[in-house]
Amino acid sequence: MRLIIAPGTAAPLTRVATPTSTPLRVGLVQHRWHADEAALRAELADGIRLAAESGARIVFLPELTLRKYPGNRRATGVPKLDAEDLLTGPTFAFAAEQARAHGVVVHASLFERPDRDDQPGDPRGYNTAIIVSPSGELLGRTRKLHIPVTEGYYEDTYFRPGPPEDAYPVYAPAELDGARIGLPTCWDEWFPEVSRLYGLAGAQILAYPTAIGSEPGFPAFDTQPIWQHVIVGNGITSGLFMVVPNRWGDEGDLTFYGSSFISDPYGRMLVQAPRDESAALVADLDLAQRAEWLTLFPFLGTRRPDSYGRLTAPVEPGHPFGANADPGTGTTATTAPVGSAPRA
């Protein structure tokens, strides 16, 4: 396990006030899956230890932390039977054990089994992110909202989307001096609506536990640069620090490309892991920089929500690329005058 520490606290590009708090030191662990469960746990524990010994007060772990990624194949049967209970399952137990052992907050991700009365006819469970206190108590839980459906990532056959009610909670643990943290997951990171809603709710940090790598249908297509640009860009437009732990390594049909990172509201890469190595990353986050950036570039205050009504309308099945777009090419079939209503 390689330890990579960001070189000091990144200086603000603007400074409108003297910060009232010291930077928050955070860590993340990038790991590879092992068929041997003891080896998997040992690698994750080693990364948490390295980050904690380096002063991290919270350590973030990748998506489906203790599991092989399942979405490379479509689910059969009732996949939620293979899921785990939130508070009595192995992931919470592992996170709580590590949190107590190192005196840090631990973030993890699991395949959560729903309660019996929660849509009993649906065979799927939830993809859930949690944070656990240094005393081993649950501090927060957020279920993944956006679910991929593409080749090699058939998650829609395993996971149901999280409920729309209170979909973007922000947690402010006293153990972290009230730092405001959101807990979306992986595919959520591609949607600007997610980071914007968290930004509007006053979040300072978004953690995206991730499992992303190769595209089975397009083996020569490396999505890593695009993936990184999108997340960093969403952090810029909503004034957020982004903490993104990914896994790495060959799991059969998929090869995950690591490249975990932490970025700041100015779009700077504070620290990044390699593509093909287990690593613990540590960085200091000057949380005052969020307000400073959004003072210089007030994206939230200059929004036009009165013009955004169409964002809440679902995409029509016959027009997956937008109204009037040809599903075969994505090009516009007919063009309406600017400002006019689309044709029915």
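Residues numbered from 1 in each chain as written. Predicted model: local features only at pLDDT ≥ 70, side-chain atom pairs only at ≥ 80, totals over all residues. Heavy atoms only, no water.

Examining the packing of aromatic side chains
How we decide: Centres within 6.5 Å make a pair out of two Phe, Tyr or Trp rings, where for Trp the six-membered ring is used; the pair is then stacked when the planes are under 30 degrees apart, edge-to-face when over 60, and tilted otherwise. Three labels apply to residues, based on accessible area from a 1.4 Å probe with only protein chains included: buried if under 20% of the type maximum, exposed if over 50%, partly exposed otherwise in between.
Per the stated rule, a full pass over the model turns up 13 aromatic pairs. Measuring from ring centre to ring centre gives 6.1 Å for Tyr158 and Phe159, while their planes differ by 45 degrees; the resulting arrangement is tilted. According to the relative accessible area criterion, Phe159 is buried, its value standing at 1%. Ring pairing ties together the aromatic residues Tyr266, Trp293, Phe297 and Phe299, which thus form one cluster.

Topic: the side chain of Ser259
Here is the rule we go by: Only DSSP runs of H or I reaching four residues or more are called helices, and only runs of E reaching two or more are called strands; each is numbered from the N terminus. Counted as a polar contact is a pair of N or O atoms within 3.5 Å, where, for protein atoms, one must be capable of donating a hydrogen and the other of accepting one, and residues adjacent in sequence contribute only when both atoms are in side chains. The contact definition used throughout considers only heavy atoms, calling two residues in contact when any of these lie within 4.5 Å.
Turning to its location among the elements, Ser259 is positioned in the loop between β12 (255–257) and β13 (261–263). A polar contact is formed between the side chain of Ser259 and the backbone oxygen of Tyr257, at a distance of 2.9 Å. Discounting chain neighbours no more than four positions away, the residues touching Ser259 are Gln30, Gln224, Trp227, Gln272, Ala273, Pro274 and Arg275.

Details of the pattern of salt bridges
This is how the line gets drawn: We count a salt bridge whenever a side-chain nitrogen from Lys or Arg sits within 4 Å of a carboxyl oxygen from Asp or Glu.
Counted under the stated rule, the structure contains 20 salt bridges. Its salt-bridge partner being Asp82, residue Arg67 comes within 2.8 Å of it at the nearest N-O pair. Remark: Asp82 occurs in the loop between β3 (58–60) and α2 (90–102) and Arg67 occurs in the loop between β3 and α2; sequence separation between them is 15 residues. Residue Asp253 pairs with Arg73 through a salt bridge whose shortest N-O separation is 2.6 Å. Separated by 180 residues along the polypeptide, Asp253 in the loop between β11 (248–250) and β12 and Arg73 in the loop between β3 and α2 bring together distant segments of the chain. Several salt bridges share partner residues, and in doing so they unite Asp118, Asp122, Arg124 and Arg160 into one network.

What about the layout of surface pockets?
For clarity, the threshold we go by: Two kinds of site are reported from a 1 Å grid over the protein atoms alone, namely cavities, where a 1.4 Å probe fits but cannot get out, and pockets, open sets with protein on both sides within 12 Å along at least five of seven lines, and residues are called lining when an atom falls within 4 Å of a point. Grid points are joined across faces, edges and corners, and a volume is the space filled by probe spheres set on the points. Classes in brief: Ala, Val, Leu, Ile, Met, Phe, Trp, Tyr, Cys and Pro nonpolar; Asp, Glu, Lys and Arg charged; the others, Gly included, polar.
By volume, the largest pocket amounts to about 1200 Å³. Listed by contribution, the elements that provide at least two residues to the lining of the largest pocket are α3 (192–200) and α4 (224–238). The greatest single-element share of the lining of the largest pocket, amounting to 6 residues, is contributed by α3. In terms of residue class, the lining of the largest pocket is built from 18 nonpolar, 9 polar and 8 charged. In this structure, the second largest pocket occupies an estimated 310 Å³ of space. Residue classes in the lining of the second largest pocket are distributed as 10 nonpolar, 3 polar and 3 charged.

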